Amino acid sequence: MSTNTGESGVLALDVPAPGPDPVLERAFRRAMDGLYMVFQPIVSWTEREIVAYEALVRTCEPELARPDLLFSAAERLDMIIPMGRRIRRGVAQLVSTAPERVSLFVNVHGGELADPDLYDPASPLSRVAHRIVLEITERWSLDRFHDIGERIRALRDLGFRVAVDDLGAGYAGLTSFARLRPEVVKLDMSLIRGVNEDPTRQHLIRSLNGACRDLGIRVVAEGVETKEERDTLVALGSNLLQGYLFSKPARAFPVVETAVWDAEYTHVKGWPARTAQAELLELRDALNALLGTLNTDGATRYDPTATATEVGALGRRALRSVEALLATNNLPSLEPGALSLPAPKLAKTA
Ligand code: G
Ligand code: MN
């Protein structure tokens, strides 16, 4: 990119000043007339359930069909606020057609934070605020607002929850933790892509999941495309997942094909569970099988002459394994006595 040094000696980017652009204006007007919303599921893996949908804007106008082009046109033409209003009104209209109990994630462009309509308790979206999570990205710098904290508080007072979008996409995402104190963060798909083959990203995601758990922030992993990515994420403590693996964005609230819920859990052998409860039961059976292999000298049969103390030690060791597995899979810790392990089968050594 060519640059020049202005009189002040400050390096300035050599970009033409935005001027009138009648062609773009006409395309944008057609795009606004053809706006519609699509929805992509966000699932809770342990529940095998859709818990939310992200609303994404699309347009019938082919020239601005790509959302990034649509938004840069809106920025260029100073139309972010009118377009944001249309999108929010469009989502509000569709809330009543969404499956019961699911939340809707709605992307808010930074420029919309200047729009009084966003904070109006009588606006259509505010009326359903308890079902809405507003996704805010630092792609568009939030530094422009000196009072960003108060703006976010006003939105929360209306009942909205807040998500930081695109964490890890190379913007100042981490600073927004402190500034926005979001209920949710969304890990950008650039972190997720190929995570099963990348130890560095695995470390990062495990740490982010842990930090967010401590801070009471829920984490959505975006752009999950393969079962390998999914299973790796689950092993790293992720539970809320979104991406083409589950469903592409679509007009009517799309469902998830049942086959996607099945997992072989390559990282936890023999654990094809469907619900958190079933996962626990499977785990208990797997541990019972395991008990035969846990004796201290590494023999594969349980020693029939083992003392009660040794069996007790084995049980405690097994329970520690359960707790470790529960923690890595983001399941709640066990209540005392919740998981009763039947006495191990004492096989006679051949
Ligand atoms: O910036 P934001 O995270 O809101 O953008 C989401 C975009 O990513 C949408 O345009 C959506 O269509 C797209 N998308 C959603 N899931 C996937 C996925 O699994 N893979 C890819 N490549 N894109 C996705
Ligand atoms: Mn988003």
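For the structure, check the block above.
Below is a summary of the structure that appears in this document. Sequence order sets the numbering: in each chain, residues are counted from 1 along the sequence as written. The naming scheme follows written order: chains are lettered A onward, ligands numbered 1 onward. This being a predicted model, a pLDDT of at least 70 is required before a residue's local features are given, and a value of 80 or more before pairs of side-chain atoms are given or counted; all residues contribute to the totals for chains, interfaces and linings. Excluding hydrogens and water, the side-chain values take into account all heavy atoms of the structure.

What follows covers the pattern of salt bridges. For this document, the term salt bridge refers to a Lys or Arg side-chain nitrogen within 4 Å of an Asp or Glu carboxyl oxygen. Within the structure shown, the criterion is met by 18 salt bridges. Note that E54 is salt-bridged to K186, the shortest N-O span being 2.7 Å. Placement of the pair is E54 in strand 4 (residues 49–59) and K186 in strand 8 (residues 184–187), with a sequence separation of 132 residues. The class of K186 is buried, set by a relative accessible area of 0%. Of the charged contacts in the structure, one is a salt bridge between R88 and E112, with a shortest N-O distance of 2.5 Å. Separated by 24 residues along the polypeptide, R88 in helix 3 (residues 80–94) and E112 in the loop between strand 5 (103–108) and strand 6 (132–136) bring together distant segments of the chain. The same class applies to R88 and to E112, which are both buried. A run of H or I in DSSP counts as a helix once it spans at least four residues, and a run of E counts as a strand once it spans at least two, with each numbered from the N terminus. Here the term buried applies to any residue with accessible area under 20% of the maximum for its type, exposed to any over 50%, and partly exposed to those in between, with areas from a 1.4 Å probe on protein chains only.

Further remarks concern the coordination of the manganese ion (ligand 2). For a metal bound by four donors in a tetrahedral arrangement, the ideal donor-metal-donor angle is 109.5 degrees, while six donors in an octahedral arrangement ideally sit at 90 or 180 degrees. Listed donor atoms are N, O and S within 2.8 Å of the metal (Na, K and Ca: 3.2 Å). As water is not included, a site may look incomplete. At this site the manganese ion (ligand 2) is bound by E54 (OE), N107 (OD1), E135 (OE) and D165 (OD), with donor distances of 2.0 to 2.4 Å. In the primary structure, the donors to the manganese ion (ligand 2) are separated according to the pattern E-x52-N-x27-E-x29-D. With N107 in strand 5 and D165 in strand 7 (residues 161–167), the pair connects residues that are 58 residues apart, well separated along the chain.

In this section: helix 8 (residues 227–235). Of all the residues in helix 8, the buried ones are E229, R230, D231, T232, L233 and V234. Two residues or fewer after helix 8 comes G237, characterised by a positive phi angle close to 100 degrees.

Once that is clear, we can look at the packing of aromatic side chains. Aromatic rings in a pair are described by how distant their centres are and how their planes are angled relative to each other. Aromatic pairs are defined between Phe, Tyr and Trp rings, using the six-membered ring for Trp, whenever the two ring centres lie within 6.5 Å; interplanar angles under 30 degrees are classed as stacked, those over 60 as edge-to-face, and all others as tilted. In total, this model carries three aromatic pairs according to the counting rule given. Taking the centre distance of 6.4 Å and the plane angle of 65 degrees together, the rings of W45 and F246 count as edge-to-face. Here W45, found in the loop between strand 3 (35–44) and strand 4, pairs with F246, found in the loop between strand 10 (240–242) and helix 9 (276–291); they are 201 residues apart in sequence, far enough to count as distant. The exposure class of W45 is buried, given its relative accessible area of 1%.

Turning next to the sheet that holds strand 5. Pairing between strands is defined by DSSP: at least two bridges between the two strands are required. One closed barrel accounts for eight strands, arranged 3-4-5-6-7-8-9-10; its pairing is mixed. Between one strand axis and the next, the sheet turns through 30 degrees on average, direction left out of account. Across ten bridges, strand 3 lies against strand 4 in antiparallel orientation. The partner of P41 across the bridge, within strand 4, is Y53. Throughout, an axis means a line fitted to C-alpha atoms (over the contacting stretch in the case of helices), and angles, computed between N-to-C directions, take values from 0 to 180 degrees.

In this section: the pairing of strand 5. Burial analysis of strand 5 places five of its six residues in the buried class, the great majority of the element. Summarising the sheet, strand 4 and strand 5 pair through four bridges and their orientation is parallel. Pairing of A55 across the sheet is with V106, part of strand 5. One ladder, built from five bridges, connects strand 5 with strand 6; its direction is parallel.

Attention shifts here to the site of ligand 1. The cutoff for a nearby residue is simple: one of its non-hydrogen atoms must lie within 4 Å of the molecule or strand. Lining the immediate environment of ligand 1, one finds 16 residues, of which Q40, R58, E222, E225 and Y244 sit closest. Throughout this description, a polar contact denotes any pair of N or O atoms lying within 3.5 Å of each other; where both atoms belong to protein, one of them has to be capable of donating a hydrogen while the other can accept it, and for residues adjacent in sequence the pair is counted only when both atoms sit in side chains. A distance of 3.2 Å separates an oxygen atom of ligand 1 from a polar side-chain atom of N107. One of the side-chain N or O atoms of D166 is found 3.1 Å from an oxygen atom in ligand 1. Here the accessible surface of atoms and residues is derived via Shrake-Rupley with a 1.4 Å probe, and residues count as covered only by protein chains that are part of the display. Computed on the free molecule, ligand 1 has an accessible area of 530 Å², of which 78% lies beneath the protein chains in the complex.

For R101, which is not glycine, the phi dihedral falls at a positive 75 degrees. A positive phi angle, close to 35 degrees, is found at R181, a residue other than glycine. As for its position among the elements, R181 is in the loop between helix 5 (173–180) and strand 8. Judged by its relative accessible area of 65%, R181 falls in the exposed class.

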